[in-house]
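Each chain, written out:
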Amino acid sequence: MAARPVIIDTDPGQDDAFAILLALASPELEVLGLTTVAGNMGLAQTTDNARRIVELAGRGAVPVHAGSARPLLRAPRPVPEIHGKMGIDGWDWAPAERGAEPMHAVDYLVTTLNAHPEKVTLIVLGPQTNIALALRRAPEIAERIERIVFMGGGFFEGGNMSPAAEYNILVDPEAARIVLNAGIPVTAVPLDCTHATPAPVNWSATLAAHGSEVMRACAGMMEFFERYGNAKYGTASRPLHDAVAVAALLWPELFTGRQCTVDVECAGELTTGMTVVDWLRQTGKPDNCLWLNGCTDPGEVYRRMEAALSRLG
Ligand code: RIB
Ligand code: CA
């Protein structure tokens, strides 16, 4: 079966790093390129991190294109308290040998989507600013997108940056609303799904035992990533939110969900950034999203992820 062409829009972040590495390790996917956005860190940092990650995987030829340095309307909201000073803390990263490509991420998205012979799947792992800008700049690209798979949102699980909102959506709710209402097939991988997909306890030790540079880097990032979340939620392990989104694309049989109507609150005093899911179809609006709300076998997800990552480097 031919590999599925994908572009990954990302704001690395340790969980973004796992997602990127998993995608690069999966022959089912052809990673055409990465586009970076301000999110967990500022744009320069997320872009440098994306370069370091593809080079760690031995895939330095994968192009990285820097995108928007801020959300459409709102101020950036970096979260070094979660991801560390550089955003992918937990490993002694070598400097990237190569920088980002000169073309802006939005231009890269439009050019690539219009030129690629097949429709392309977008894996969106941060605030959706670049995707929204590309859709506004060239609406015709909607026909060239096979599907958008995004990590973001929460409904039954509430939020992780406010009681109502998950980080990626809260940072740029207007962008998420544009994407959700563009008529493109969308799979949402919200906290409802990722919180049902926690990593095995002490998984970092399992990764480190492989001994390769990639696996030792993953072990260090996993250990760092779990600190904030385990302390905040009182848990023994954390989900790698963005890697779960790639897992849902690769192994859909391991996840549950429902087609429904989803929109984004952009003006609520308490609920801005909330993904409002019409789970019981009370609005009568057409479905616009496959909303994943569970995982049938989290252990299998991470077993497959471990096996894929161990193939890198
Ligand atoms: O809420 C989790 C999401 O926000 C992940 O994509 C993480 O990397 C941060 O961007
Ligand atoms: Ca992310």
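Residues numbered from 1 in each chain as written. Chains lettered and ligands numbered in written order. Predicted model: local features only at pLDDT ≥ 70, side-chain atom pairs only at ≥ 80, totals over all residues. Heavy atoms only, no water.

Visitor: Let's hear about the pattern of salt bridges: which residues, and what values?
Guide: Scanning all chains against the criterion turns up 11 salt bridges. Between E55 and R51 there is a salt bridge, and its shortest N-O distance comes to 3.0 Å. A residue pair is termed a helical-turn pair when its members lie 3 or 4 positions apart in one helix, as E55 and R51 do in helix α2 (residues 43-56) at four residues. Both residues of the pair, E55 and R51, belong to the buried class. (Salt bridge = Lys/Arg side-chain N within 4 Å of Asp/Glu carboxyl O. Helix = DSSP H or I, 4+ residues; strand = E, 2+ residues; numbered from the N terminus. Buried < 20%, exposed > 50% of the residue type's maximum accessible area, 1.4 Å probe, protein only.)

Visitor: Requested: an account of the coordination of the calcium ion (ligand 2), with residues and values cited.
Guide: Where a metal carries four tetrahedral donors, each ideal angle is 109.5 degrees; where it carries six octahedral donors, the ideal angles are 90 or 180 degrees. Within the first shell, the calcium ion (ligand 2) binds the protein through D11 (OD), D16 (OD), D16 (OD), L125 (O) and D242 (OD), at distances of 2.2 to 2.6 Å. All donors to the calcium ion (ligand 2) come from one chain, and their sequence spacing reads D-x4-D-x108-L-x116-D. Within this pair, whereas D11 is found in the loop between β1 (4-10) and α1 (14-24), its partner L125 is found in the loop between β4 (120-124) and α5 (129-137), the two being separated by 114 residues in sequence. The exposure class of D11 is buried, given its relative accessible area of 0%. Given a relative accessible area of 1%, L125 falls into the buried group. (Donors = N, O, S within 2.8 Å, 3.2 Å for Na, K, Ca; no water.)

Visitor: Which residues make up the side chain of T261, and what are the values?
Guide: For T261, the location among the structural elements is in strand β7 (residues 255-264). At a separation of 3.0 Å, a polar atom in the side chain of T261 contacts the main-chain carbonyl oxygen of K285. Leave out the neighbours within four places in its chain, and T261 touches V276, V277, D278, T283, K285, P286, D287 and N288. (Polar contact = N/O pair within 3.5 Å; in protein donor to acceptor, adjacent residues only side chain to side chain. Contact = heavy atoms within 4.5 Å.)

Visitor: Report on the site of ligand 1, specifying residues and quantitative values.
Guide: If you check the shell around ligand 1, you find D11, D15, D16, N40, L125, M151, N160, E166, Y167, N168, H241 and D242 and nothing else. Within the side chain of D15, an N or O atom sits 2.7 Å from an oxygen atom of ligand 1. Here an oxygen atom of ligand 1 sits 3.0 Å away from a polar atom, N or O, in the side chain of N40. Bound to the protein, ligand 1 loses 96% of the 280 Å² it would expose on its own. (Near = heavy atom within 4 Å. Areas by Shrake-Rupley, 256 points an atom, 1.4 Å probe, with all protein chains shown as cover.)

Visitor: Please give an account of the state of the cysteines that cites residues and values.
Guide: Applying the stated criterion across every chain, the model contains zero disulfides. Take C218: it sits in no disulfide, and the sulfur closest to it among the cysteines is that of C295, at 19 Å. Overall, C218 belongs to the buried group, its relative accessible area being 0%. With no disulfide of its own, C295 lies 6.4 Å from the sulfur of C193, the closest cysteine sulfur. (Disulfide = S-S within 2.5 Å.)

Visitor: Explain the pairing of strand β6 (residues 186-189) residue by residue, including any values.
Guide: Along β6, one buried face is formed by V186 and A188 and the opposite face, lined by T187 and V189, is buried too. Pairing analysis gives four bridges linking strand β5 (residues 145-151) to β6, with the strands arranged parallel. If you follow I148 over to β6, its bridge partner there is V186. Across two bridges, the pairing between β6 and strand β9 (residues 289-295) is parallel. Bridging across to β9, A188 finds its partner in W291. (Pairing = 2+ DSSP bridges.)

Visitor: Please give an account of helix α12 (residues 298-309) that cites residues and values.
Guide: Over its 12 residues, α12 runs 16 Å from end to end, which matches the ideal 16 Å to within 8%, given 1.5 Å per residue. Residues of α12 that are buried include every one of V301, Y302, M305, E306, A308 and L309, and no others. Taken end-on, α12 shows its buried residues confined to a sector of 165 degrees, consistent with a single buried face. Of the surrounding elements, those touching the buried residues of α12 are α1, α9 (203-208), α10 (213-233), α11 (241-250), β7 and β9. (Expected span 1.5 Å × (residues − 1). Arc of directions from axis to C-beta.)

Visitor: Can you tell me about the packing of aromatic side chains, naming the residues and giving the values?
Guide: If you walk through the whole model with that rule in mind, you get four aromatic pairs. Judged by centre distance (6.1 Å) and plane angle (35 degrees), the rings of F18 and W203 are tilted. Residue F18 is located in helix α1, and its partner W203 is located in helix α9; the two are separated by 185 residues in the primary sequence. When its relative accessible area of 0% is taken as the criterion, F18 is described as buried. The buried category is assigned to W203, whose relative accessible area is 2%. Here the aromatic cluster, defined as three or more aromatic residues joined through ring pairs, consists of F18, W203 and Y302. (Phe/Tyr/Trp six-rings, centres within 6.5 Å; stacked < 30°, edge-to-face > 60°.)

Geometric descriptors of this kind do not, in isolation, establish any biological role.
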